[in-house]
Structure formats: structure tokens, C-alpha cells
Amino acid sequence: MNKLDVPYKIYLDEKEIPSSWYNVRADMKTKPAPLIHPGTLKPMTFEDMRPVFCDELIKQELDNDTAYIKIPDEILNFYKMYRPSPLTHAVFLEEALGTPAHIFYKFEGNNTSGSHKLNSAIAQAYYAKKQGLKGVTTETGAGQWGTALAMACSFFKLGCKVYMVKVSYEQKPFRREVMRTYGASVTPSPSMETEIGRKINAEHPNTTGSLGCAISEAVEVAASTEGYRYVLGSVLNQVLLHQSIIGLETKAACDKYGIKPDVIIGCAGGGSNLGGLISPFMGEKLRGEADYQIIAVEPASCPSFTRGKFAYDFCDTGKVCPMAKMYTLGHDFIPSANHAGGLRYHGMSSILSQLYHDGLMEARSVEQTSVFEAAEMFARVEGILPAPESAHAIRAAIDEALKCKQTGEEKTIIFGLTGTGYFDMVAYEKYNDHVMTDYIPTDEDLAKGFAGIPNINL
Ligand SMILES: *Cc1c(COP(=O)(O)O)cnc(C)c1O
């Protein structure tokens, strides 16, 4: 069955956990556009960002040049609780598909929070603690980021205040309780605790909230509470930097067994897991040392890359955050209720947006029902119940493997399996009951979101 001489699961040794993160910006010829101040339209400076973000994290955010940034020992020690994560040779999936392709997946769901988000949560909590802060605020949509941050804050004894999109707060009570068990306070958003929350509630009395709204609330509270800062689980450059641990471990495992990927696939919400997974490979591509086909997979219901505009836009509904140049559907865009909560953000990492714009990676969108078909097949043959977000990558990997079956090509495909789906059983229930729908926004729907994108040409 196993056509390659590699173990089913490749576990690196604890000592082989990379000791530095890799900053792909250092090798990019066209750097990602800087965050700009919405008032002055000037690039955000260190001083501009200090009221909201932790000092060391701002430095990482602004650093386009240092290729390797050492991981502090305290963070490495925490990583050892659940890293290195396995790179698995999906032999059962290959067999089920009857494909000549070799399929591998890097599994990031082996920790209580159930996703890759802990890789950045622990780093951000560490730098907040080191700066002597009392706590951090954040938003969470589906709940994975909030859970990861709650775990990280409890480890470093930091306060943690989470604004959770109201619809998720109500539909995912167990996620909320995991966060509270780790000591976080969880508030449904929009709340009546903040100015922006009160405003949004007054304008839209029955709103169930959105990520963009929750971000505005968390930022407002961080900026107005002494000893608090705001942290974000995706999109930002610093988050992609921390997530590079995924790609560095993947590369080390590949090198150890002589595996040469042809295709690398990841799901894309704000871009952090994909950015992390591809970083070292993209580095080789940018330096002209190797070539890879890199594919971002997004939901057809929230198609930032495949149908969005590359423009400066606000990162949040309340327009309290700096603006980023990215592929965006517009900060007012509210995607239809799809079941991959972690992929519903209107924008995309500036780093990935630039790489995509420069033709260094591709993107495709997939429909929800076909994503769950892939999830179900994967669960049945490989055993892991995937998060709906992760299943977008599974879908594309299966499609690539089936193409190989047609052409007879023996490609090596690696995809990121970002997490587990135990808290997503309402979505699985819809799929199992055949009542899941595939909503795809029309051009008119998208035009409404595009209308809100400010006209900035820098
Ligand atoms: C948050 C999340 C994602 C999407 O976020 P990115 O920043 O695009 O990686 C994907 N999978 C899981 C399991 C998540 O929790």
C-alpha cells in the first residue's frame, strides 16, 4: 500500500523544533504594503501603534528585513506541550482515491484549542507579559482563536477579555465554557459595554454580530483600559511569522525523508495557517532555489482572493483599526451564514495578497457541500474529524489527487490540516440531514461590499 519508504506519521524529535521563526517578507522583492493611518493615510509608525499593540509585536509587524527571528525559550517550552506536530502520509486516503499521487498533511489539531491558533496565541501572550501588561483583549468568531488565547493567557497569568460574535456565543456554548475554564471573560458582541457596541446595537437592533464588529469593540476596550492591549489571531504580519513554525517543521520533516512537494495547499481565512505553512517553501521560490504550486482555498460564500479587490480597506466594521492593502470584499461585507466560521473574514493577509498579486500563488473557491463531502471521506478513511475550515484544503487536495489519477502523474501534495471539528457538529448535522445549502454571493451582493471600500491610491 505504502508506495514511499516513509513512516505513516513523521514525528520530528523535540530537539528538532525550529528555534527561530522565518519571516518571508525578508525575501519578497515587492514588500507587502504597510498598514496606514486612516486619518493621515501615512504608514503606521511604532508610536502610532503603541496604544493598541504590544511593543515587541509592533517591531515584528514592521520588520520587513530580518529573515530569522529567535523564538524565546519560554515560548519554545510551551510549544513542547503539543509540538512538533505530525506530518502524516495519507496512505488510506490515497488508497480510497486510487491515485498515484502522494498526499501528506500537517496536523495542527493536537491541542485543547483544537487548531493552529495556539502557535501565535502563546507568542502574543508572552510578549504582553514580558512588557508587564495586565491583560489583553480580542475578538473571536467561531471560537478557536479565543480558546487558544485563553489557554495562552492562563499559562502566563494574564487577563483575557474576549468579544465573541453573538451568533457563535449562542450557538457554541461549549467553546465559551472552555474559554471561561481557562479564566477568560467572554462577552457577546455587539455588547452594550462599548461605545461602538452601543452604536451598532442602536443602528441594527437584531444583529447577530460579525467579526468586524467584535474587532472594533476589542480595540476600543484595549485602548481605553490601563495595562491592556489588543491582540489578533490572523491577518497581521506578526501572526504569519509565528505560524511559520508549521512550515518550518513541515520542511524539516520533508528534508529528513527526501520528500519533495509539488503542490502545497491550505485553507485561507485571514491567511495565517496558509502563510505559515508555505513561508519556507515560498522563501525558496522567491530566492529561485525551488518551485512549488501553492494553492489557497476559500469558501465560495466569502471569496476574498478569487472575487475580491486588491485595495486599501478598513480591517473592521467600526473603522477604528489601521487600514491594510489586501484582497477584500469590503469591510461592510457580511458573508451568508456558512459553516466554516474561521473563513468568514472580509479581507486577507497583506503578505499573501501581495504574493497572490505577483502571481506567486493561486487561489480557488469551493462550495460548502463539496467541502463536507471531502470532510466526511477524510474522517472515514484517515480517522480525524476535520474542522470545516480545514476541510476546504482537503477538498482541493482530493481534487488535485483525482487529476493525477486522470493524468497518471505521481505528484506529491501537502496540505495543512488546521484543526478538529468537534465543536462544529451543528454543521455536520446539517450535512448529514441533507439540508446544507451552497450560497454563492451574486455580483450585485459583492458590489454592495465593494461600494464601501475607500478610494485610496498610494
Ligand atoms: C481560524 C482557523 C482557520 C482560518 O484562519 P487563517 O488565519 O486563515 O489560518 C482555519 N482553520 C482553523 C481550524 C481555524 O481555527
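Residues numbered from 1 in each chain as written. Predicted model: local features only at pLDDT ≥ 70, side-chain atom pairs only at ≥ 80, totals over all residues. Heavy atoms only, no water.

A few words on the site of the ligand. K117, S234, G269, S272 and N273 are the nearest of the 18 residues found near the ligand. Between the ligand and Q144, the relevant distance is 3.3 Å, taken from an oxygen atom to a side-chain nitrogen or oxygen of the residue. Contact between the ligand and S234: an oxygen atom at 2.5 Å from a side-chain N or O atom of the residue. Taking 380 Å² as the accessible area of the ligand by itself, protein coverage stands at 98%. Cavity membership is defined here by more than half of the atoms lying within 2 Å of grid points; on that basis the ligand lies in the largest cavity. Residues belonging to the shell around the ligand are distributed by class as follows: four nonpolar, 12 polar and two charged. (Near = heavy atom within 4 Å. Polar contact = N/O pair within 3.5 Å; in protein donor to acceptor, adjacent residues only side chain to side chain. Areas by Shrake-Rupley, 256 points an atom, 1.4 Å probe, with all protein chains shown as cover. 1 Å grid on protein atoms, 1.4 Å probe; cavity = no way out; pocket = protein on both sides within 12 Å on 5 of 7 lines; lining within 4 Å. Sits in = over half its atoms within 2 Å of the grid points. Nonpolar A, V, L, I, M, F, W, Y, C, P; charged D, E, K, R; others polar.)

A complete count under the given rule lists 19 aromatic pairs for this structure. Consider the rings of F310 and Y327, whose centres lie 4.8 Å apart with planes at 15 degrees: the pair is stacked. Within this pair, whereas F310 is found in strand β12 (residues 309–314), its partner Y327 is found in strand β13 (residues 323–328), the two being separated by 17 residues in sequence. Using a relative accessible area of 10% as the deciding quantity, one classes Y327 as buried. Measuring from centroid to centroid gives 5.0 Å for Y327 and Y356, while their planes differ by 75 degrees, and the two rings are edge-to-face. Of the two residues, Y327 is situated in strand β13 and Y356 in helix α14 (residues 350–357); the sequence distance between them amounts to 29 residues. (Phe/Tyr/Trp six-rings, centres within 6.5 Å; stacked < 30°, edge-to-face > 60°. Helix = DSSP H or I, 4+ residues; strand = E, 2+ residues; numbered from the N terminus. Buried < 20%, exposed > 50% of the residue type's maximum accessible area, 1.4 Å probe, protein only.)

Turning to the domain arrangement of the chain, a few remarks are in order. We note that the domain assignment places domain 1 (3–19 + 82–114 + 237–450) and domain 2 (22–69 + 117–230) within the chain. Taking only C-alpha atoms into account, the centre of domain 1 sits 22 Å from that of domain 2. Listed as interface residues are 47 residues of domain 1 and, on the opposing side, 46 residues of domain 2. The contact between domain 1 and domain 2 buries some 4,100 Å² in all, and 61% of this surface belongs to carbon and sulfur atoms. For the domain 1 face of the interface with domain 2, the top three residues by lost area are S113, Q238 and F423, together amounting to 17%. Counting across the interface, domain 1 meets domain 2 through two salt bridges. The closest approach of N and O atoms between D27 and R287, which form a salt bridge, is 2.9 Å. Put simply, domain 1 and domain 2 have 17 residue pairs in polar contact (both at pLDDT 80 or more) between them. (Domains from an automatic or database assignment. Contact = heavy atoms within 4.5 Å. Buried area = accessible area lost by both parts, 1.4 Å probe. Salt bridge = Lys/Arg side-chain N within 4 Å of Asp/Glu carboxyl O.)

Every α-helix carries 3.6 residues per turn, so stepping three or four residues along brings you back to the same face. In this model helix α15 (residues 368–382) runs 21 Å from its N-terminal to its C-terminal C-alpha over 15 residues, within 8% of the 21 Å that 1.5 Å per residue would give. Buried within α15 we find Q368, V371, F372, A374, A375, F378 and E382. An end-on view of α15 places all buried positions within 155 degrees of arc, on one side of the element. G383, located one to two residues past α15, shows a positive phi value of around 90 degrees. (Expected span 1.5 Å × (residues − 1). Arc of directions from axis to C-beta.)

Right, let's get into the layout of surface pockets. With a probe scaled to a water molecule rolled over the atoms, the places where space remains empty come into view. Considered as a void within the structure, the largest pocket measures approximately 1,100 Å³ in volume. Forming the boundary of the largest pocket are 45 residues, of which V165, V167, G209, S210 and R344 lie nearest the centre. Going through the elements one at a time, α7 (166–171), α8 (173–181), α9 (195–203), α10 (211–224) and α17 (425–432) are the ones with two or more residues in the lining of the largest pocket. Lining the lining of the largest pocket are residues from two domains, each supplying at least three of them: domain 1 (3–19 + 82–114 + 237–450) and domain 2 (22–69 + 117–230). Reported here for the second largest pocket is a volume of approximately 240 Å³. Lining of the second largest pocket is provided by 18 residues; of these, M44, F53, V320, C321 and P322 occupy positions nearest its centre. For the lining of the second largest pocket, the secondary-structure elements that each account for two or more residues are α1 (46–49) and α10. Three or more residues apiece are contributed to the lining of the second largest pocket by two domains, here domain 1 (3–19 + 82–114 + 237–450) and domain 2 (22–69 + 117–230). (Points joined across faces, edges and corners; volume = space filled by probe spheres on them.)

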